[in-house]
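Remarks on the overall topology
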Amino acid sequence: MSDMEQVPAMPEVLCGGRTEYGKAFDRVRECIEQDVSNLRTQNFSVLRPTVFFLTDGGPTDAHWHSSFRELVDRDWPRHPHVIAYGFGGAKRDVLEQVATKALFIADGSDTESALSAAITGLLNTLIASSKTGQMQIATDVKGFEYVQVAQEYVD
């Protein structure tokens with residue numbers, strides 16, 4: 001987590017290579033644990049985290065489910081919402097297992113345009129949510145079908 005006013009430039013995002021969901025979920029859990037502790041030490045009030053999961057492919061690791069269950073385990077007080085954006089080779093049926101709050105599936109196969117649109121949707125969600133103080137998902141994302149998630153992940 002970063003103060004956006006302190007970030008000189010957004011990191012470059014590249015598509016391709018292995019898509020190891022388990023490693024991503026493990027790393028996100030570590031970051032949430034550390035970042036929430038750091039923010040609370042600085043006397044910030046911390047709301048429930050939200051993970052924006054952008055992927056251009058299906059998982060290349062067979063055992064990612066256990067890492068995901070640990071991330072969204074309701075017994076962990078810091079379990080996040082997950083908003084997923086799938087494009088390129090990402091599979092809807094897999095992302096339906098990952099998204100706990102909302103799912104966006106790209107209409108086309110142009111990965112570069114889809115990535116750009118996903119980031120725009122993500123930023124619009126952050127801006128709308130910060131204005132209201134509660135989750136406001138920007139559902140009109142160019143080139144994406146919005147799929148409402150019926151309920152949060154239950155193990």
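Going by the structure above, here's the rest.
Attention here is on the structure that accompanies the text. Model, not experiment: these values are computed from the prediction.

Let us now look at the packing of aromatic side chains. One pass over the structure, following the stated rule, counts 10 aromatic pairs. Ring geometry for Tyr21 and Phe53: centres 4.9 Å apart, planes at 85°, overall edge-to-face. Taken as a pair, Tyr21 in helix H1 (residues 21-41) and Phe53 in strand S1 (residues 50-55) lie far apart in primary sequence, 32 residues in all. Classification of Tyr21 as buried rests on a relative accessible area of 1%. Accessibility expressed as a relative area gives 9% for Phe53, which makes it buried. One aromatic cluster is present, formed by Tyr21, Phe25, Phe53, Trp64 and Phe68 through successive ring pairs.

Here we come to a negative patch on the surface. On the surface, Asp26, Glu70, Asp73 and Asp75 cluster together into a negatively charged patch. Summarising the element assignment, Asp73 is placed in the loop between helix H2 (64-72) and strand S2 (81-86). Residue class for Asp73 comes out partly exposed when judged on its relative accessible area of 32%.

By the criterion of burial, strand S3 (residues 102-106) is predominantly enclosed, with 5 of the 5 residues buried. Burial of the side chains of S3 extends over both faces: Ala102, Phe104 and Ala106 are buried on one face and Leu103 and Ile105 on the other. Note that S2 and S3 share 4 bridges and pair parallel. Within the sheet, the bridge partner assigned to Ile83 lies in S3 and is Ala102. In this region the chain leaves S2, passes through helix H3 (residues 92-98) and returns to the parallel neighbour S3; the handedness of that crossover is right-handed. Where S3 lies against strand S4 (residues 144-148), 5 bridges are found, and the strand directions are antiparallel. The residue bridging Ala106 from the neighbouring strand is Phe144, located in S4.

What counts, and where the lines are drawn
Residues numbered from 1 in each chain as written. Predicted model: local features only at pLDDT ≥ 70, side-chain atom pairs only at ≥ 80, totals over all residues. Heavy atoms only, no water. Phe/Tyr/Trp six-rings, centres within 6.5 Å; stacked < 30°, edge-to-face > 60°. Helix = DSSP H or I, 4+ residues; strand = E, 2+ residues; numbered from the N terminus. Buried < 20%, exposed > 50% of the residue type's maximum accessible area, 1.4 Å probe, protein only. Patch = residues over 30% accessible without salt bridge, like charges linked within 9 Å, V, L, I, M, F, W, Y side chains within 5 Å. Areas by Shrake-Rupley, 256 points an atom, 1.4 Å probe, with all protein chains shown as cover. Salt bridge = Lys/Arg side-chain N within 4 Å of Asp/Glu carboxyl O. Lys, Arg positive; Asp, Glu negative; His and termini not counted. Charge placed at Lys NZ, Arg CZ, Asp CG, Glu CD. Pairing = 2+ DSSP bridges. Right-handed = clockwise from strand over helix to strand, strands pointing away.

These figures come from the coordinates and say nothing about function on their own.
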